Amino acid sequence: MLTVFDHPLIKHKLTIMRDKDTSTKDFRDNLDEIGSLMVYEMTRDLPLTDVEIETPMTKMTGSKLAKDVVVVPILRAGLGMTTGILNLIPTAKVAHIGLFRDEETLEPHVYFEKYPKNMPEAVTIVVDPMLATGGSAVAAIDMVKKQGAKNIKLVCLVGAMEGVKNVEEHHPDVDIYLAALDDHLNENGYIVPGLGDAGDRIFGTK
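Residues numbered from 1 in each chain as written. Predicted model: local features only at pLDDT ≥ 70, side-chain atom pairs only at ≥ 80, totals over all residues. Heavy atoms only, no water.

A. Broad picture of unusual backbone geometry. Going from leucine 75 to arginine 76, the amide bond is cis rather than trans, its omega being 0°. A cis amide bond, omega 5°, links valine 192 with the succeeding residue proline 193. Along the chain, the position of proline 193 falls in the loop between strand E13 (191–192) and helix H6 (198–203). (Helix = DSSP H or I, 4+ residues; strand = E, 2+ residues; numbered from the N terminus.)

B. Summary view of the packing of helix H4 (residues 135–146) against helix H5 (residues 161–170). The interhelical angle for the contact between H4 and H5, taken along N-to-C directions, is 25°, at an axis separation of 8 Å. Relative to H5, H4 is oriented roughly parallel. For the crossing formed where H4 meets H5, the hand is right-handed. The residues of H5 that touch H4, namely those facing Gly135, Ala137, Val138 and Ile141, are Asn166, Val167 and His170. Considered class by class, the residues forming the contact of H4 with H5 number 4 nonpolar, 3 polar and no charged. (Axes fitted to C-alpha atoms, helices over the stretch in contact; angles between N-to-C directions. Parallel < 35°, antiparallel > 145°, perpendicular 65-115°, else oblique. Left-handed = near helix turned anticlockwise from the far one by under 90°. Contact = heavy atoms within 4.5 Å. Nonpolar A, V, L, I, M, F, W, Y, C, P; charged D, E, K, R; others polar.)

C. Representation of the pattern of salt bridges within the structure. Under the counting rule described, the total for this entry stands at 9 salt bridges. Between lysine 20 and aspartate 21 there is a salt bridge whose closest N-O contact spans 3.5 Å. The class for lysine 20 is exposed, based on a relative accessible area of 70%. Across the pair arginine 44 and glutamate 41 runs a salt bridge whose closest N-O atoms are separated by 3.4 Å. Overall, the relative accessible area of 23% leaves glutamate 41 in the partly exposed class. (Salt bridge = Lys/Arg side-chain N within 4 Å of Asp/Glu carboxyl O. Buried < 20%, exposed > 50% of the residue type's maximum accessible area, 1.4 Å probe, protein only.)

D. Focus on helix H2 (residues 24–42). Taking 1.5 Å of rise per residue, the 19 residues of H2 would be expected to cover 27 Å, and the 27 Å separating its terminal C-alpha atoms lies within 8% of that figure. Regarding H2, the residues found buried are Phe27, Asn30, Leu31, Asp32, Ile34, Gly35, Ser36, Met38, Val39 and Met42. At its buried positions, H2 is contacted by helix H1 (8–18), helix H3 (79–88), strand E8 (123–127), strand E10 (151–160), strand E11 (175–182) and H6. (Expected span 1.5 Å × (residues − 1).)

E. Spotlight on the pairing of strand E2 (residues 48–54). Sparse coverage of E2 is indicated by the burial of 0 of its 7 residues. Looking at chain direction, E2 and strand E3 (residues 59–65) are connected through 7 bridges and run antiparallel. Bridging from a neighbouring strand, glutamate 52 pairs with threonine 61 of E3. Linking E2 back to E3 in an antiparallel pair, the connection comprises 4 residues. (Pairing = 2+ DSSP bridges.)

Okay, structure coming up:
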């Protein structure tokens, strides 16, 4: 299922990020904030379990998360959204998947992967700011499924329908969450209007 968030704060912050004159610091700060807003919206269905506690006044039954959460940023740009998610779910564990895209074929290649041991039981949130062709997202979801992950959500900042369809075709069981669904991909596989290369803008490398 595809969800595109229609939240005023997300739209406001995303517009700042799209602006080519936005500084690295402001780009990074707004990405953190959007990451928090998106994960707040998308975790409404997380399962809860009852827990008995004692307040200063009396005993009561409260709630806590029933499942662990694992955040899986696709390196390197996915790291830019991880802090915002961890701000809301500080107990989450973080896996890492390193992929780079062949500039000619646009196919993803793996150079690093590291996972916690609780993947089969956890809610897994795969994170990458851009969902362009969808090749990296499909590869990353393939990889976390090999680790036993079953409850998987894909969270991206900006996507194109080409990438959405690619993920839906290969992983129809994975919910996709976007801050914006953009118009198309250009001849180089970049999202238009997009916001440029997210990794370069996050880390100031171009």
